[in-house]
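Structural overview
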Amino acid sequence: MTALAVEGVSVSFGGVMALSEVSFTVPEGQVCGVIGPNGAGKTTLFDVVSGLRRPRSGRVLVAGADVTGDSPVRRARAGLRRTFQRTQVFGRLTVADNVLSALEWRGGGGGLLADLTALPARRRLEAARRERVSEVLELCGLLPLRDAYAAALPVGQRRLVELARALADRPSLLLLDEPTSGLDADQTVRLREVIAALETTVLLVEHDMGFVMDTCDHLVVLDLGKVIAEGPPSEIRTDPVVRAAYLG
Ligand SMILES: Nc1ncnc2c1ncn2[C@@H]1O[C@H](COP(=O)(O)OP(=O)(O)O)[C@@H](O)[C@H]1O
Ligand SMILES: [Mg+2]
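Counting starts from 1 at the beginning of each chain's written sequence and moves along it residue by residue. Numbering of ligands from 1 and lettering of chains from A proceed in the order in which they are written. Reporting in this predicted model follows two pLDDT cut-offs: at least 70 for local features of residues, and 80 or more for side-chain atom pairs to be given and counted; totals over whole chains, interfaces and linings ignore these cut-offs and use all residues. For the side-chain quantities, the full set of heavy atoms in the structure was used; hydrogens and water were omitted.

Per an unreviewed UniProt entry, the protein chain goes by Branched-chain amino acid transport system ATP-binding protein and derives from Nonomuraea dietziae.

In structure tokens:
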């Protein structure tokens, strides 16, 4: 199964071709990294996949369905989640409530009437949610911090909270935008372990080449809006075209 297909995507800003006929596919369960020098088009590609920007031409397919015209919200409902380069968590909620709130959108958060009626089905749903929160916190190494306020955490841990929020709902496709930025060495190792343990398909943009080489199954290399190489990290590392793009 193909989790993500980008087909002939082009985006231009005035005269600049930010993306030019970009095509690649990501099979289900793969961790695919997008790399390339500054201005290569990585952020633009991410925006096209997540639905923040419409391409001038080309298509984006998620699990075989054409989502090119869909809003970010519709894509989220279809199982796509993303994290941002600048962390977005609720500072005044605890770590556990940050993750719980990522599960509330399907309804059942409810008001007074819902609390008063407290149907058994509703209680079961709440229990299942709390269990899922603990599971995700454990996966991300956040269990000891579950009752801490997110605002009180250093940036690296806030990023892990954001990741936990994105994972809570078992996304089918996870987009990570520069996930190591702000992480210290231990947190970077933890992040790599979390990603390795996921069954979710991951597309990540990252400039830390060591992290990319260790974490990704497959790399897509962009330069000046074009795919100049793709393949497993071991091949990309020694590809003369890639070296020229970075050094040139
Ligand atoms: N909103 C924009 N308006 C005009 N030009 C843009 C805009 N966003 C990106 N670009 C241009 O498109 C190209 C690709 O940018 P970007 O996707 O941000 O690259 P990367 O993330 O790989 O550094 C660059 O030449 C950049 O200057
Ligand atoms: Mg960028």
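**Some words on the overall build of the protein chain**
Looking only at helices and strands, one finds 10 helices and 10 strands in the protein chain. Taking 248 residues into account, the globule formula puts the C-alpha radius of gyration at 18 Å, and the protein chain, at 19 Å, falls close to it. Residue exposure (1.4 Å probe, protein chains only): buried if accessible area is under 20% of the type maximum, exposed if over 50%, otherwise partly exposed. The buried share of the protein chain, reckoned over its 248 residues, is 48%. Considering only intrachain contacts with a sequence separation of at least 6, the fraction spanning at least 24 residues in the protein chain is 66%. A total of about 12200 Å² of accessible surface is found on the protein chain, and carbon and sulfur atoms cover 53% of it. Put simply, DSSP H or I for four residues or longer makes a helix, DSSP E for two residues or longer makes a strand, and each gets a number counted from the N terminus. Only C-alpha atoms enter the radius of gyration, while the globule expectation follows 2.2 Å times N to the 0.38, with N the number of residues. In this analysis, two residues are considered to be in contact whenever any of their non-hydrogen atoms come within 4.5 Å of each other. Per-residue and other accessible areas follow the Shrake-Rupley method at a 1.4 Å probe size, with only the shown protein chains counted as cover for residues.

**Focus on the sheet that holds strand 1 (residues 2-13)**
The pairing criterion is simple: DSSP has to find at least two bridges between the two strands. With respect to topology, four strands assemble into an open sheet ordered 2-1-4-5, the strand pairing being antiparallel. With one partner strand each, in any of the chains shown, strand 2 (16-27) and strand 5 (65-66) form the two edges of the open sheet. The strands touched by helix 1 (residues 42-50) within the sheet are strand 1, strand 2 and strand 4 (57-62), with strand 1 carrying the most contacts at an inclination of about 120°. Axis lines are fitted through C-alpha atoms, for helices just across the contact stretch, and the angle between N-to-C directions can take any value from 0 to 180 degrees.

**Digging into helix 1**
Owing to its 3.6 residues per turn, the α-helix aligns residues three or four sequence positions apart on the same side. Where burial is concerned, most of helix 1 is hidden: eight out of the nine residues are buried. The complete set of buried residues in helix 1 reads Lys-42, Thr-44, Leu-45, Phe-46, Asp-47, Val-48, Val-49 and Ser-50. At the exit of helix 1 stands Gly-51, carrying a positive phi of roughly 95°.

**Some remarks on the sheet that holds strand 6 (residues 80-82)**
On the basis of which strands lie adjacent, the open sheet formed by six strands has the order 6-7-8-3-9-10 and mixed pairing. Two strands bound the open sheet, and with one partner strand each, they are strand 6 and strand 10 (226-231). When the angles between neighbouring strand axes are averaged without regard to direction, this sheet yields 20°. By the bridge criterion, five bridges tie strand 9 (residues 218-223) to strand 10 in an arrangement that is antiparallel. Within strand 10, the position partnered with Val-221 by the bridge is Ala-229.

**Examining the pattern of salt bridges**
Should a side-chain nitrogen of Lys or Arg be within 4 Å of a carboxyl oxygen of Asp or Glu, the pair is scored as a salt bridge. Evaluated as defined, the whole model comprises 10 salt bridges. Glu-7 is the salt-bridge partner of Arg-59, the closest N and O atoms lying 3.0 Å from each other. Of this pair, Arg-59 sits in strand 4 while Glu-7 is found in strand 1, placing the two residues 52 residues apart along the sequence. Among the ionic pairs, Asp-70 bridges to Arg-74, the shortest N-O distance being 3.7 Å.

**Observations regarding the nonpolar core**
The set of buried Ala, Val, Leu, Ile, Met, Phe, Trp, Tyr and Cys residues whose side-chain atoms join them within 4.5 Å is what this entry labels a nonpolar core. Counting residues in hydrophobic clusters, the biggest one holds 39 residues, and the most contacted among them are Cys-140, Leu-142, Leu-163, Leu-167, Leu-174, Leu-204 and Ile-236. For this core, the element with the most residues is helix 6 (residues 155-168), which contributes seven residues. Residue ranges assigned to each domain were obtained from an automatic or database domain assignment. Summarising the domain contributions, this core has at least three residues from each of domain 1 (1-79 + 171-248) and domain 2 (92-170). Non-local contacts of Leu-142, meaning those with residues more than four positions away in its chain, are made with Val-95, Leu-137, Gln-157, Leu-160, Val-161 and Ala-164. Ranked by size, the runner-up nonpolar core spans 25 residues in total, among them Val-9, Leu-19, Ala-40 and Leu-203.

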